[in-house]
Amino acid sequence: LIETRPGIGRFLNKDAIMILNSLTWGQMIERASMFELMEVRRILEVTAARLAAERATDDDISELEELIKEMKKVDKNNLNLFFDYDLQFHLTLSGSCKNSLLTELINLLIQRVSGQAIAFMKTLPYTCEITIRQFEKIIKAIKEGDPVSASEGMEEHLDIVKSALNMGDNPQPK
């Protein structure tokens, strides 16, 4: 991690800087509140959906469509499996944007949020059908190369997730 240059001194090499930076990101994500994580996740995933509409390949689209088919087959009592497919949809969509840094940031955020969010969502009157319809809307926009509709579809989906999570903080109607 430390590079020695005779007559010059000792320096952190490129790997050390990368490791330190990733630790900083990881620490920031670990300390962030659920609200902050969802806010950043919304910004990044809406952008990823827009970019996916511009850049996704036929294979990317087929993979997203296959995930929807699998989600539709899941028994309503098996929310664990449904949420596994939901998570995979988000990760696959982020990869479809063809921006490796954006994909990695989204993956970090989703991994941090997913366990807590899924555990909480299971306590709510959550409907899988709404998620499937939202995902189908996003896929349709991506297939049509419509970045505005793709980003709007992701905004709508994450807004519903966020408001469901907020029910736990403040169950009273506003």
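Owing to the predicted nature of the structure, the values given are computational and were not obtained by experimental measurement. Once a new chain begins, its residue numbering starts again from 1 and follows that chain's sequence as written. Reporting in this predicted model follows two pLDDT cut-offs: at least 70 for local features of residues, and 80 or more for side-chain atom pairs to be given and counted; totals over whole chains, interfaces and linings ignore these cut-offs and use all residues. Only hydrogens and water are removed before side-chain values are computed, so all heavy atoms of the structure are retained for them.

### Here we look at the pattern of salt bridges
And then number 1: Any Lys or Arg side-chain nitrogen found within 4 Å of a carboxyl oxygen on Asp or Glu counts as a salt bridge. Considering all chains together, one arrives at eleven salt bridges under this definition.
And then number 2: A salt bridge links Lys-72 to Glu-136, with the shortest nitrogen-to-oxygen separation between them at 2.6 Å. Taken as a pair, Lys-72 in helix 3 (residues 58-73) and Glu-136 in helix 6 (residues 128-143) lie far apart in primary sequence, 64 residues in all.
And then number 3: The cut-offs for exposure are 20% and 50% of the maximum accessible area for each residue type, with area from a 1.4 Å probe on protein chains only; residues under the lower value are buried, those over the upper are exposed, and the others partly exposed. For Lys-72, a relative accessible area of 51% corresponds to the exposed category.
And then number 4: The network of salt bridges with common partners includes Arg-42, Glu-155 and Asp-159. Runs of E in the DSSP output that reach at least two residues are strands. Runs of H or I that reach at least four are helices, and both are numbered from the N terminus.

### A short note on the packing of aromatic side chains
And then number 1: Stacked, tilted and edge-to-face are the three classes assigned to paired rings of Phe, Tyr and Trp, where Trp is represented by its six-membered ring and a pair needs centres within 6.5 Å; plane angles under 30 degrees give stacked, over 60 edge-to-face, the rest tilted. Counting across every chain of the model gives two aromatic pairs.
And then number 2: A centroid spacing of 6.1 Å and a plane angle of 75° characterise the contact between Phe-82 and Phe-83, whose relative ring orientation is edge-to-face.
And then number 3: We classify Phe-82 as buried; its relative accessible area is 1%.
And then number 4: Classification of Phe-83 by relative accessible area gives buried; the value is 5%.
And then number 5: Seen in terms of ring centroids, Phe-89 and Phe-135 are 3.8 Å apart; in terms of plane orientation they differ by 5°. Their pairing is stacked. Here Phe-89, found in helix 4 (residues 79-96), pairs with Phe-135, found in helix 6; they are 46 residues apart in sequence, far enough to count as distant.
And then number 6: What makes Phe-89 buried here is its relative accessible area of 0%.

### Considerations on helix 6
In an α-helix there are 3.6 residues to a turn, and that puts residues three or four apart on one side.
And then number 1: To estimate how far a helix should reach, multiply one less than its number of residues by 1.5 Å. Taking 1.5 Å per residue as the helical rise, helix 6 with its 16 residues ought to reach 22 Å, and the 22 Å between its terminal C-alpha atoms agrees with that figure.
And then number 2: Among the residues making up helix 6, those that are buried are Cys-128, Thr-131, Ile-132, Gln-134, Phe-135, Ile-138, Ile-139, Ala-141 and Ile-142.
And then number 3: Taken from the residues just after helix 6, Gly-145 is the one with a positive phi, measuring 70°.

### Some details on the packing of helix 3 against helix 6
When two helices pack together, their arrangement is captured by the angle between the axes and the distance separating the axes.
And then number 1: Axis definition: a line fit to C-alpha positions, over the contact stretch in the case of helices; interaxial angles, taken between N-to-C directions, run 0 to 180 degrees. Relative to each other, helix 3 and helix 6 sit at 165°, their axes nearing to 10 Å. Taken together, the axes of helix 3 and helix 6 are roughly antiparallel relative to one another. For the pair helix 3 and helix 6, the crossing hand works out as left-handed. Together, Ile-61, Leu-64, Glu-65, Ile-68, Met-71 and Lys-72 of helix 3 and Thr-131, Ile-132, Phe-135, Glu-136, Ile-139, Ile-142 and Lys-143 of helix 6 make up the contact between the two elements.
And then number 2: Charged residues are taken to be Asp, Glu, Lys and Arg, nonpolar residues to be Ala, Val, Leu, Ile, Met, Phe, Trp, Tyr, Cys and Pro, and polar residues to be all remaining types, Gly included. Its residues placed into classes, the contact of helix 3 with helix 6 shows eight nonpolar, one polar and four charged. Any angle that falls under 35 degrees is termed roughly parallel, while one over 145 is termed roughly antiparallel, one within 65 to 115 roughly perpendicular, and all others oblique. Note: crossing handedness is left-handed where the near helix turns anticlockwise from the far helix by less than a right angle, and right-handed where it turns clockwise. Should any heavy atoms of two residues lie within 4.5 Å, those residues are counted as being in contact.

### Thoughts on the confidence of the model for the chain
And then number 1: One confidence number per residue, pLDDT, is output by the predictor and ranges from 0 to 100. Considering every residue of the chain, the mean pLDDT works out to 83; 75% of them sit at 70 or more.
And then number 2: Strand 2 (residues 9-12) is the least confidently modelled element of the chain, averaging 63 in pLDDT, while helix 3 averages 96, the highest of any element.
And then number 3: Below a pLDDT of 50 lies the segment residues 167-174, which in the model reaches three contacts outside its immediate sequence neighbourhood of four places, other chains included.

### With respect to the side chain of Ser-94
And then number 1: Within the fold, Ser-94 resides in helix 4.
And then number 2: The buried category is assigned to Ser-94, whose relative accessible area is 1%.
And then number 3: Beyond its immediate stretch of four places on either side in the chain, Ser-94 contacts Ala-48, Thr-103, Ile-106 and Asn-107.

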